[in-house]
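Commentary on secondary and tertiary structure
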Amino acid sequence: MSQPLIDLVNITKSYDSNVVLDDLSLSVKENSFVTLLGPSGCGKTTTLRIIGGFESADSGKVIFGGNDITKLPPNKRQLNTVFQKYALFPHMSIADNIAFGLKIKNKPKQYIDDKIKYALKLVNLDGFENRSVDSLSGGQQQRIAIARAIVNEPKVLLLDEPLGALDLKLRQDMQYELIRLKNELGITFIYVTHDQEEALTMSDTIVVMNQGYIQQMGSPEQIYNEPENAFVADFIGESNIVDGLMLHDELVEIFGAKFPCVDRGFGVRQPVDVVIRPEDIDLVKPELGTLEGVVTHLIFKGVHYEMEVTTPDGFEWLVHSTDMCPVGEKVGIHVDPFDIQIMNKPASEDEEAVSIDE
Ligand SMILES: Nc1ncnc2c1ncn2[C@@H]1O[C@H](COP(=O)(O)OP(=O)(O)O)[C@@H](O)[C@H]1O
Ligand SMILES: [Mg+2]
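Calculation notes
Residues numbered from 1 in each chain as written. Chains lettered and ligands numbered in written order. Predicted model: local features only at pLDDT ≥ 70, side-chain atom pairs only at ≥ 80, totals over all residues. Heavy atoms only, no water. Pairing = 2+ DSSP bridges. Helix = DSSP H or I, 4+ residues; strand = E, 2+ residues; numbered from the N terminus. Axes fitted to C-alpha atoms, helices over the stretch in contact; angles between N-to-C directions. Near = heavy atom within 4 Å. Polar contact = N/O pair within 3.5 Å; in protein donor to acceptor, adjacent residues only side chain to side chain. Areas by Shrake-Rupley, 256 points an atom, 1.4 Å probe, with all protein chains shown as cover. Buried < 20%, exposed > 50% of the residue type's maximum accessible area, 1.4 Å probe, protein only. Phe/Tyr/Trp six-rings, centres within 6.5 Å; stacked < 30°, edge-to-face > 60°. Expected span 1.5 Å × (residues − 1). Arc of directions from axis to C-beta. Contact = heavy atoms within 4.5 Å. Salt bridge = Lys/Arg side-chain N within 4 Å of Asp/Glu carboxyl O.

1. Quick notes on the sheet that holds strand β13 (residues 257-260)
Think of a sheet as strands paired side by side through backbone hydrogen bonds, with each pair either parallel or antiparallel. Spatially, the five strands line up as an open sheet ordered β13-β12-β11-β14-β20, and their pairing is antiparallel. Only two strands of the sheet have a single partner each, and these edge strands are β13 and β20 (341-344). Each strand axis lies, on average, 45° off the axis of its neighbour in the sheet, ignoring direction. The pairing of strand β14 (residues 270-276) with β20 spans four bridges and is classified as antiparallel. Following the sheet pairing, Asp 273 is matched in β20 by Met 343.

Spelled out as structure tokens, the structure:
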């Protein structure tokens, strides 16, 4: 069941002199929910369009079930796309919108009617056949767009920020719907988003992209707990990213203080990036901490307190804790060794972490 269904092999794509995808290779397993995640402009849509056949790569191959489909037009590929702008035909009924692709294929009327019924049931809109597009909410229109795609029985559904136009609550509801739909259909989803929370919620596999490169590919847990570089750590949730000096295996120096860690193989006295999640910092009595600081900011966030602790070097540490320390209090910073992530500094400028302000 987990054979690679789609392989992108050394895909390169430029627009004019702008390299958008740089030697990108990616393997998608059958029945998986794979999300391409990255900031705007990193090449997600271009990757999806190349898989769908709407765009051709300058070099590289698209393999589907072992066959080279690089030159195959979109309608010959066993996949369907749902775009952010759902592009329903406003003058047609819901049924006609869903039937559109099937009519082009000259499917018999009974077959088409059955498919429409089935698809509407799947997206929880039974009985909507004769409604007009205008009478539907944004969320309902998006479901129709999905219904329209699934009646073609694609092996793969490509979804490009399909929930981007919806408000937060609806988006969260639709996330669960899409997971359910994927499980019921038993097909492969390739999903594009710039929203890290959405990616973490929905995917089996997340592909983090930046500037046409894959930065990391892995399960949501791997991406969150073991980011491979500072870009991934920064992009997936909040992090403290500081310069460190790997003194030797299992010991890193940060702002002159020695923190035991579990990482090995980074060499001796090597500059590294150190990533520590806000929830992994324990605030203790000043004399018990590895570093001393002062609480300079405090907000109550409902589930936890968000604090900022400034250390003498001027760095502001972001701390999440259910225990509150008031502004002005002297505290010690303690981090358990396995909560410290050590990363190599980016080797080239291409991989340089860029800061994201969403
Ligand atoms: N048809 C095009 N012509 C020229 N540049 C394009 C075209 N499509 C995309 N680009 C550029 O390629 C880069 C990647 O775009 P895209 O794949 O849409 O990114 P994403 O979906 O991750 O936001 C961007 O810099 C974008 O401006
Ligand atoms: Mg896009």
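2. Focus: the site of ligand 1
Lining the immediate environment of ligand 1, one finds Tyr 15, Asn 18, Val 20, Pro 39, Ser 40, Gly 41, Cys 42, Gly 43, Lys 44, Thr 45 and Thr 46. In the model, an oxygen atom of ligand 1 is placed 2.6 Å from a nitrogen or oxygen of the Gly 41 main chain. Between ligand 1 and Thr 46, the relevant distance is 2.5 Å, taken from an oxygen atom to a side-chain nitrogen or oxygen of the residue. Coverage of ligand 1 by the protein chains reaches 58% of its 550 Å² of free accessible surface.

3. Quick word on the pairing of β13
Residue alternation in β13 divides its side chains into a buried set, Ala 257 and Phe 259, and an unburied set, Lys 258 and Pro 260. Summarising the sheet, strand β12 (residues 251-254) and β13 pair through four bridges and their orientation is antiparallel. Residue Ile 254 lies in a different strand from β13, and its bridge partner there is Ala 257. Between β12 and β13, which pair antiparallel one after the other, the connecting turn spans two residues, and Phe 255 there sits at a positive phi close to 45°.

4. Some remarks on the packing of aromatic side chains
Inspection of every chain in the model, using the stated rule, returns eight aromatic pairs. For the pair Phe 255 and Trp 317, a centre-to-centre distance of 6.2 Å together with 90° between the ring planes defines the contact as edge-to-face. Here Trp 317 lies in strand β18 (residues 316-321) and Phe 255 lies in the loop between β12 and β13, a separation of 62 residues in the sequence. Taking relative accessible area as the criterion, Phe 255 reaches 34% and is therefore assigned partly exposed.

5. Remarks on helix α3 (residues 109-122)
When the terminal C-alpha atoms of α3 are compared, their 20 Å separation across 14 residues agrees well with the 20 Å that a helix rising 1.5 Å per residue should span. Three or more residues of α3 are buried, namely Ile 112, Lys 115, Ile 116, Ala 119, Leu 120 and Leu 122. Buried residues of α3 fall within an arc of 155° about the axis and therefore sit on the same side. For α3, the exposed residues set more than 90 degrees away from the buried face come down to Gln 110, Lys 117 and Lys 121.

6. As for helix α2 (residues 94-104)
Where α2 is concerned, the buried positions are Ile 94, Ala 95, Asn 97, Ile 98, Ala 99 and Leu 102. In the core, the buried residues of α2 are packed alongside α3 and α4 (138-150). Phi turns positive one or two residues past the end of α2, at Asn 106, with a value near 60°.

7. Digging into the sheet that holds strand β5 (residues 67-68)
Read across the open sheet, the four strands follow the order β2-β1-β4-β5; overall the sheet is antiparallel. The open sheet has two edge strands with one neighbour each: β2 (18-29) and β5. With two bridges connecting them, strand β4 (residues 59-64) and β5 associate as antiparallel partners. Each residue of the ladder has a partner; that of Ile 63, found in β5, is Asp 68. Helix α1 (residues 44-52) contacts β1 (4-15), β2 and β4 of the sheet and is inclined by roughly 120° relative to β1.

8. Let's talk about the pattern of salt bridges
Applying the stated criterion across every chain yields a total of 17 salt bridges. As a salt-bridge pair, Glu 177 and Arg 180 come within 3.7 Å of each other at their nearest N and O atoms. Taken together, the residues Glu 177 and Arg 180, both in helix α5 (residues 168-185) and three residues apart, mark about one turn of the helix. Connected via shared salt-bridge partners are Arg 143, Glu 177, Arg 180 and Glu 184.

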